[in-house]
Amino acid sequence: MIEIIRATKLPQQAAAHYVRIQGMARQHKITLDEEFDEHDTADTKYIVAMDNYLPVATCRLYAIDAVQVMLGRIVVLPEYRHQGLGTKVVEAAELWAKELGFKRSVLESRDDKLPFYERMGYKADHSRVTIGTFRCIYMDKEL
């Protein structure tokens, strides 16, 4: 049974980092300096999907301002993809953000993930940004 948790303790946050290392850094040959940036701080919040003791998916969220929250570093381990876990961690992050008083969720979607976020109600403004080796599109959603 997969459990979706709010990573409020150090071991849970380490679980989020594990998923990012395994699912992005290792898979896409991204350096740790690229994967972990200035937004990974003590105030950053993480959602983690746990399959018993094993972390298998994650989403990072942090405040942009008093109204907007940035979702990012949404990663599902390859062997757990296409099971709805990406949707579940994003929904859990949106709920937490809403409880914290945020009104709008924003993210930067890789080109190939655009349909995934559109199905979740995100709208693209079609401004593009390059993040590392990925071309991304800015998207947002009212919470």
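Bear in mind that the values here come from a model prediction, so they are computed numbers and not experimental data.

Enquirer: Would you mind going over the overall build of the chain in detail, with residue names and values included?
Expert: Looking only at helices and strands, one finds 4 helices and 7 strands in the chain. Whereas a compact globule of 143 residues would reach a radius of gyration of roughly 15 Å, the chain reaches 14 Å, a difference of no more than 12%. A principal-axis box enclosing the C-alpha atoms of the chain has dimensions of 40 × 35 × 30 Å. The proportion of buried residues among the 143 residues of the chain is 45%. Pairs at least 24 residues apart make up 61% of the contacts formed inside the chain by residues separated by at least 6 positions. Surface exposure of the chain reaches about 8,000 Å², of which carbon and sulfur atoms provide 53%.

Enquirer: Summarise the nonpolar core; cite the residues concerned and give the values.
Expert: Membership of the largest hydrophobic core comes to 34 residues, with the highest contact counts inside it found for Ile47, Leu61, Leu71, Tyr117 and Tyr122. Elements that contribute at least two residues to this core include exactly α1 (10–28), β2 (45–51), β3 (54–63), β4 (68–76), α3 (85–99), α4 (114–119) and β7 (134–142). In terms of residue count, α3 provides more of this core than any other element does, 7 residues in total. In this view, tyrosine 122 contacts Leu71, Val90, Glu94, Ser105, Leu107, Tyr117, Met139, Asp140 and Lys141; residues no more than four positions away in its chain are not counted. By size, the runner-up hydrophobic cluster in this structure holds 7 residues, among which are Ile5, Ala16, Tyr46 and Met50.

Enquirer: Go over unusual backbone geometry, please, and point to the residues and values.
Expert: Although it is not a glycine, lysine 29 sits at a positive phi angle of roughly 55°. Considering the arrangement of structural elements, one finds lysine 29 in the loop between α1 and α2 (32–35). Positive phi outside glycine occurs at histidine 82, with the angle close to 65°. Here histidine 82 lies in the loop between β4 and α3. Exposure remark for histidine 82: the relative accessible area of 84% places this residue in the exposed category.

Enquirer: Kindly report on the layout of surface pockets, identifying the contributing residues and their values.
Expert: Which parts of space are left empty comes out when a probe the size of a water molecule is rolled across the atoms. Roughly 960 Å³ of volume is contained in the largest pocket. Surrounding the largest pocket, 39 residues form its lining, Met24, Ile74, Arg110, Lys113 and Tyr117 being those nearest its centre. When residues in the lining of the largest pocket are grouped by element, the largest group, 7 residues, is from β4. Its residues assigned to classes, the lining of the largest pocket comprises 16 nonpolar, 13 polar and 10 charged.

Enquirer: How would you sum up the side chain of glutamine 13? Please name residues and give values.
Expert: Along the chain, glutamine 13 turns up in helix α1. Here the side chain of glutamine 13 touches alanine 7 through a polar contact of 3.5 Å, landing on its backbone oxygen. If sequence neighbours within four positions are ignored, glutamine 13 has contacts with Ala7, Thr8, Thr44 and Tyr46.

Enquirer: Just give me the short version of the pairing of strand β5 (residues 104–110), but keep the residues and values in it.
Expert: Most of β5 is tucked away, with 5 of its 7 residues classed as buried. Pairing between β4 and β5: 3 bridges, direction parallel. Across the sheet, methionine 70 pairs through a bridge with valine 106, a residue of β5. Crossover connection from β4 via α3 to parallel β5: handedness right-handed. Alignment of β5 against β7, held across 7 bridges, turns out to be antiparallel. Counterpart to serine 105 in the pairing with β7 is lysine 141.

Each value, and the rule that gives it
- Residues numbered from 1 in each chain as written.
- Predicted model: local features only at pLDDT ≥ 70, side-chain atom pairs only at ≥ 80, totals over all residues.
- Heavy atoms only, no water.
- Helix = DSSP H or I, 4+ residues; strand = E, 2+ residues; numbered from the N terminus.
- Rg over C-alpha atoms; globule rule 2.2 N^0.38 Å.
- Buried < 20%, exposed > 50% of the residue type's maximum accessible area, 1.4 Å probe, protein only.
- Contact = heavy atoms within 4.5 Å.
- Areas by Shrake-Rupley, 256 points an atom, 1.4 Å probe, with all protein chains shown as cover.
- Core = buried A, V, L, I, M, F, W, Y, C linked by side-chain atoms within 4.5 Å.
- 1 Å grid on protein atoms, 1.4 Å probe; cavity = no way out; pocket = protein on both sides within 12 Å on 5 of 7 lines; lining within 4 Å.
- Points joined across faces, edges and corners; volume = space filled by probe spheres on them.
- Nonpolar A, V, L, I, M, F, W, Y, C, P; charged D, E, K, R; others polar.
- Polar contact = N/O pair within 3.5 Å; in protein donor to acceptor, adjacent residues only side chain to side chain.
- Pairing = 2+ DSSP bridges.
- Right-handed = clockwise from strand over helix to strand, strands pointing away.

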